[in-house]
Amino acid sequence: MVQLDASWMEVLKDEFEKPYMCQLREFLLKEKQSGAIVYPPSSQIFAALDATPFDKVKVVILGQDPYHGFGQAHGLCFSVNKGIDVPPSLRNIYKELIADVGIQMPNHGYLMHWAEQGVLLLNATLTVRANTAGSHQKKGWETFTDTIISKLNERRDHLVFLLWGNYARSKKVLINRHLILEAAHPSPLSAHNGFFNCKHFSKTNAFLVEKGLSPIDWQIS
């Protein structure tokens with residue numbers, strides 16, 4: 001049985017015995033038996049859920065895949081371990097934060113500080129083969145993470161969903177009673193086409209305060 005934060009396990013316990021999840025486990029086992037390296041490490045596949053319990057979620061940021069380079073992925077979307085170069089998309093996120101809410105440029109890309117405040121950093125696909133982007137898409141993870149989004153939509157109030165890029169925006173069909181903020185993806189290819197100056201971080205905090213919730217401290221120290 002998968003070990004998860006208790007609040008998430010209560011919400012998701014039925015998922016782990018469904019056929020799609022059994023097939024996903026078989027796929028991951030075959031990947032490892034073949035000698036493929038899979039990121040993130042097994043102990044960190046569900047790190048986003050462990051870092052941000054179900055009843056503590058305030059904000060959801062959706063990514064697509066874990067980073068597929070050595071030492072990068074640790075289970076939180078857009079985040080990398082300390083000591084790893086800040087990836088271009090995250091650097092653009094930082095640039096928007098500086099312009100929007102005046103943070104100082106961080107010197108690392110480890111976003112646990114956000115997760116601990118209620119920012120769920122969720123990739124749609126939770127694993128990837130080393131150096132092979134998209135290699136674990138359409139194997140079952142999307143069904144699991146769509147369920148996460150749907151459960152949050154149904155059972156929680158006053159959430160903010162930050163949907164960056166076309167893939168993340170496709171998930172808005174699962175959300176019907178929360179604040180949705182949409183923008184281009186922060187990657188260097190698209191950030192200038194609608195991510196920069198989106199002001200999502202100040203808009204998020206304004207909404208949270210309006211609902212009587214504490215704002216997010218976006219500064220990464």
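Since we're looking at a predicted model, the values are computed, not measured.

J.: Which residues make up helix α2 (residues 19–33), and what are the values?
T.: With 15 residues, α2 extends 21 Å from end C-alpha to end C-alpha; this agrees with the ideal 21 Å at 1.5 Å per step. Those residues of α2 that sit buried are Y20, M21, L24, F27, L28 and E31. On an axial view of α2, the arc spanned by its buried residues comes to 115°, and they lie on one face. Seen from the open side of α2, the exposed residues pointing more than 90 degrees away from its buried face are P19, Q23, K30 and Q33.

J.: An account of the side chain of S187 is needed here, citing residue identities and associated values.
T.: Position of S187 among the secondary structure elements: in the loop between β6 (179–183) and α8 (200–210). Taking relative accessible area as the criterion, S187 reaches 16% and is therefore assigned buried.

J.: Account for the nonpolar core, naming residues and giving values.
T.: Grouped together as the largest cluster of nonpolar side chains are 72 residues, with contacts concentrated most on W8, I61, W114, L120, F144 and L152. Apart from residues no more than four positions distant in its own chain, I61 is found in contact with C77, F78, W114, V119, L120, L121, L122, L162 and W164.

J.: Pulling in residues and values, what's your account of the packing of aromatic side chains?
T.: Tallying each qualifying case throughout the model produces 13 aromatic pairs. Between F46 and F144 the ring centres are 5.9 Å apart and the planes differ by 70°, which places this aromatic pair in the edge-to-face class. Residue F46 is located in the loop between β1 (38–39) and α3 (47–51), and its partner F144 is located in helix α6 (residues 141–155); the two are separated by 98 residues in the primary sequence. Just as F46 is buried, F144 falls in that class too. Here the aromatic cluster, defined as three or more aromatic residues joined through ring pairs, consists of F78, W114, W164, F195, F196, F201 and W218.

J.: I'd love a proper account of the packing of α2 against α6, names of residues and values included.
T.: Relative orientation of the contacting elements α2 and α6 amounts to 130°, with a least axis distance of 9 Å. Judged by the angle between their axes, α2 and α6 are oblique. The residues of α6 that touch α2, namely those facing Y20, M21, L24 and L28, are W141, T143 and F144. Class assignment for the residues of the contact of α2 with α6 results in six nonpolar, one polar and no charged.

Cut-offs used in this document
- Just so you know, the residues in each chain are numbered from 1, in the order the chain's sequence is written.
- For this predicted model, a pLDDT threshold of at least 70 governs which residues receive local features, and a threshold of 80 or more governs which side-chain atom pairs are given and counted, while totals over whole chains, interfaces and linings are taken from all residues.
- Calculation of side-chain values draws on the structure's entire complement of heavy atoms; hydrogens and water are dropped beforehand.
- Secondary structure is summarised from DSSP: a helix means a run of H or I of at least four residues, a strand means a run of E of at least two, and numbering begins at the N terminus for each.
- One fewer than the residue count of a helix, multiplied by 1.5 Å, yields its expected span.
- Burial status follows relative accessibility: with a 1.4 Å probe on protein chains alone, a residue under 20% of its type maximum counts as buried, one over 50% as exposed, and anything between as partly exposed.
- The directions considered for the arc are those from the helix axis to the C-beta atoms.
- Each nonpolar core is a collection of buried residues, namely Ala, Val, Leu, Ile, Met, Phe, Trp, Tyr and Cys, held together in the definition by side-chain atoms within 4.5 Å.
- Only heavy atoms matter for contacts: two residues are in contact if any of them lie within 4.5 Å across the pair.
- Two rings from Phe, Tyr or Trp (for Trp, the six-membered ring) form a pair when their centres are within 6.5 Å of each other. A pair whose planes differ by under 30 degrees is stacked, one over 60 is edge-to-face, and the rest are tilted.
- Geometry is summarised by axes, namely lines fitted to C-alpha atoms with helices restricted to the contacting stretch, and by angles between N-to-C directions that run from 0 to 180 degrees.
- Orientation labels follow simple angle bins: below 35 degrees gives roughly parallel, above 145 gives roughly antiparallel, 65 to 115 gives roughly perpendicular, and whatever is left gives oblique.
- Put simply, Ala, Val, Leu, Ile, Met, Phe, Trp, Tyr, Cys and Pro go in the nonpolar bin, Asp, Glu, Lys and Arg in the charged bin, and everything else, Gly too, in the polar bin.

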